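What follows is each chain in one-letter form.
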Amino acid sequence: GRGPGACRGGRTDMALRCAASLAAGRQPPCPRPPRPAREGTVRWSSAAEASAVKINEKASREKILTLESMNPQVKAVEYAVRGPILLKAGEIEKELRKGIKKPFTEVIKANIGDAHAMGQRPITFLRQVVALCTYPNLLDSPSFPEDAKKRARRILQGCGGNSLGSYSASQGINCIREDVASYIERRDGGVSADPDNIYLTTGASDGIATILKILVSGGGKSRTGVMIPIPQYPLYSAAISELDAIQVNYYLDEENCWALDVNELRRSLNEAKAYCNPKVLCIINPGNPTGQVQNRKCIEDVIHFAWEEKLFLLADEVYQDNVYSEGCQFHSFKKILYEMGPEYYNNVELASFHSTSKGYMGECGYRGGYMEVINLHPEIKGQLVKLLSVRLCPPVSGQAAMDIVVNPPIPGEESYTQFIKEKESVLNNLAKKAKLTEDMFNKVPGIHCNPLQGAMYAFPRIFIPSKAIEEAKAHKMAPDMFYCMKLLEETGICVVPGSGFGQREGSYHFRMTILPPVEKLKILLEKVKDFHIKFLEKYA
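Residues numbered from 1 in each chain as written. Predicted model: local features only at pLDDT ≥ 70, side-chain atom pairs only at ≥ 80, totals over all residues. Heavy atoms only, no water.

Digging into helix 10 (residues 262–272)
Stated precisely, the cut-off is as follows: Remark: exposure states derive from per-residue accessible area (1.4 Å probe, protein chains only) relative to the maximum for the residue type, with buried under 20%, exposed over 50%, and partly exposed in between. Labels follow the DSSP assignment, with helices taken as runs of H or I lasting at least four residues and strands as runs of E lasting at least two, numbered in each case from the N terminus. It is the directions from the helix axis to the C-beta atoms whose arc is reported. Throughout, a contact is declared for two residues whenever any of their heavy atoms are within 4.5 Å. For the purposes of these results, a polar contact is taken to be a pair of N or O atoms within 3.5 Å, where, inside protein, one atom must be able to donate a hydrogen and its partner to accept one; residues adjacent in sequence count only when each atom of the pair is a side-chain atom.
Of all the positions in helix 10, only Val 262, Glu 264, Leu 265, Ser 268, Leu 269 and Ala 272 are classed as buried. End-on, the buried residues of helix 10 take up no more than an arc of 155 degrees, which puts them together on one face. The secondary structure elements touched by the buried residues of helix 10 are strand 3 (224–230), strand 4 (246–251), strand 5 (277–284) and helix 11 (296–309). The N-cap residue of helix 10 is Asp 261: its side-chain oxygen and the backbone nitrogen of Asn 263 are 3.0 Å apart.

This is the structure we're talking about:
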């Protein structure tokens, strides 16, 4: 703070004069009488100001945090869905806004499964309940149905101070966890679910990352290995890199509609034992980016393999509502595990995940989700709750949204008819777009697309000529990244190269969402077709 006689002049010459006067033992020439320092304001002495002038004349010192000094695990993280291709799309959008002419008028972001951004309408009932929870005064409004008000009141009663703005328990609001357990029991034909095994999360991603964090340990050859499918959703490789765990790839069978083969799991596991300790097996069902839906026999084989090899199972089931192909049906790992008998359901450790972001809801922004963890060691359960408590709680509005996913209107309630109509409309539309995408891609020379059995993406295989591969190398790009960049620059269509998800050596793909409205999707697919034919001609 400034003592009596300290200089208030902010200018450099005044600071220097003050410093000189002090050095000579004279009263400094302050132009104004001193004022008391305001609370929280740091004031320098004249000598300090003079010293600061000299420091400022020098070059600024080196930064503490640089690419060389930062956490190397964070630097190793890659997330292709929001990687270089999206940054380029953002640059092109800015150019379009400035009036720079392009061979297209908009960028179509088909890189990510963001349903509402692509024009999907929200489910009315879900938004009504969240609105009522957010602004409880609406509970008196005749504009809202009674079944929505009933759910909102129940959620608010579980909140501190009856407010969505309060923290919840780290594991989530108790009544919502009860609703999740009831949902799982209905879904799985009566297989019991304990609310105490339910953890509400910030989207499914938060749950997956948390479980991996608690599973990873050891060093050298005893470092935890995490088995993931290739192609995979980049969340897994990113989380594994951040935790400095060992990624263990097993390949899905593209020639057999991306099926999971236990023999491939065994090959992958046995090879990995030479350099790590594989103890986690991740399954994505329905698949992302590949869209396959696993049959019952496949799930039984995977569970038996996990039991036999003592692997902790992670079942990513966020697309469980998104099944389109005839003859395909979603089976939860939990249900099949229990049907296989007590030797399995009393021993296999399983964490399964769901979310508000996908399905028919598409409520990505609420970041609602849950995980159910069974057969967890009691002491580890306490450690898990401790780890979750560090982030306090998941967003309470997201918890409310998750509650409506697991506790929707039932027959006889006021909102049931509208809810079912909206839900079926979304899912029927997605099924139509899945078939349209598959059919149109398979008419294009040099593109092959497996049936889109579920989820909300196509992952077609593309032929890239050798000349294009050489040009990609010259630009220090993966061939499919080069292809996708060209597609973006020439058509405005943003898709993600298959190299961001993993693929067999020498094969090339891209992932594209099927979420745009049907008419826009047709235009998009026609543009991809025209681009691909020209690309082949150019580099033939």
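Some remarks on the side chain of Thr 513
Tracing the backbone through its elements, the reader meets Thr 513 in strand 14 (residues 510–513). For Thr 513, a relative accessible area of 0% corresponds to the buried category. Within the structure, Thr 513 has its side chain in polar contact with the backbone oxygen of Met 456 (distance 3.3 Å). There is a polar contact of 3.2 Å between the side chain of Thr 513 and the backbone nitrogen of Leu 515. Once residues within four sequence positions are removed from consideration, Thr 513 is found in contact with Lys 109, Ala 110, Asn 111, Ile 112, Gly 113, Met 118, Met 456 and Tyr 457.

Overview of the pairing of strand 4
In plain terms, the rule: Strands qualify as paired when DSSP identifies two bridges or more between them.
With six bridges joining them, strand 3 and strand 4 adopt parallel strand pairing. Within the sheet, the bridge partner assigned to Gly 225 lies in strand 4 and is Ile 246.

Observations concerning the nonpolar core
Note the cut-off: In plain words, nonpolar cores are sets of buried Ala, Val, Leu, Ile, Met, Phe, Trp, Tyr and Cys residues tied together by side-chain atoms within 4.5 Å. Those domain boundaries reflect an automatic or database domain assignment.
Core analysis: the largest hydrophobic core is formed by 121 residues, its most contacted members being Leu 126, Ile 211, Leu 314, Tyr 370, Phe 441, Phe 510 and Met 512. Of the residues that make up this core, three or more belong to each of domain 1 (72–107 + 419–539) and domain 2 (124–415). In this view, Phe 441 contacts Ile 447, Cys 449, Ala 458, Pro 460, Phe 510, Met 512, Leu 525 and Val 528; residues no more than four positions away in its chain are not counted. In this structure, Leu 269, Ala 272, Leu 281 and Tyr 344 belong to the second largest nonpolar core, which totals 32 residues.

Considerations on the state of the cysteines
Rules: In this description, the term disulfide denotes a pair of cysteine sulfurs within 2.5 Å.
Scanning all chains against the criterion turns up zero disulfides. Here Cys 393 stays free of any disulfide, with the sulfur of Cys 159 as its closest cysteine sulfur at 9.6 Å. Of the residues examined, Cys 393 reaches a relative accessible area of 14% and is grouped as buried.

Structural notes on the side chain of Gln 320
Secondary-structure assignment places Gln 320 in the loop between strand 6 (312–316) and helix 12 (333–339). By relative accessible area, which is 7% here, Gln 320 ends up buried. Engagement of the side chain of Gln 320 in a polar contact is seen with the side chain of Tyr 183, the distance being 2.7 Å. A distance of 2.9 Å separates a polar atom in the side chain of Gln 320 from the backbone oxygen of Glu 317.

Remarks on the pattern of salt bridges
Going by this rule: Think of a salt bridge as a Lys or Arg side-chain nitrogen and an Asp or Glu carboxyl oxygen that are within 4 Å of each other.
Counted by the stated rule, this structure contains 25 salt bridges. The residue Glu 363 makes a salt bridge to Arg 127 at a minimum N-O spacing of 2.9 Å. One end of the pair, Glu 363, is in the loop between strand 7 (350–355) and strand 8 (368–374); the other, Arg 127, is in helix 5 (residues 124–134), with 236 residues separating them in the sequence. Classification of Glu 363 by relative accessible area gives buried; the value is 3%. Under the relative-accessibility criterion, Arg 127 is labelled partly exposed at 33%. Among the salt bridges present, the one from Lys 473 reaches Glu 470, with a minimum N-O distance of 3.8 Å. Of this pair, Lys 473 and Glu 470 both sit in helix 17 (residues 466–474), three residues apart, which is roughly one turn of the helix. Given a relative accessible area of 54%, Lys 473 falls into the exposed group.

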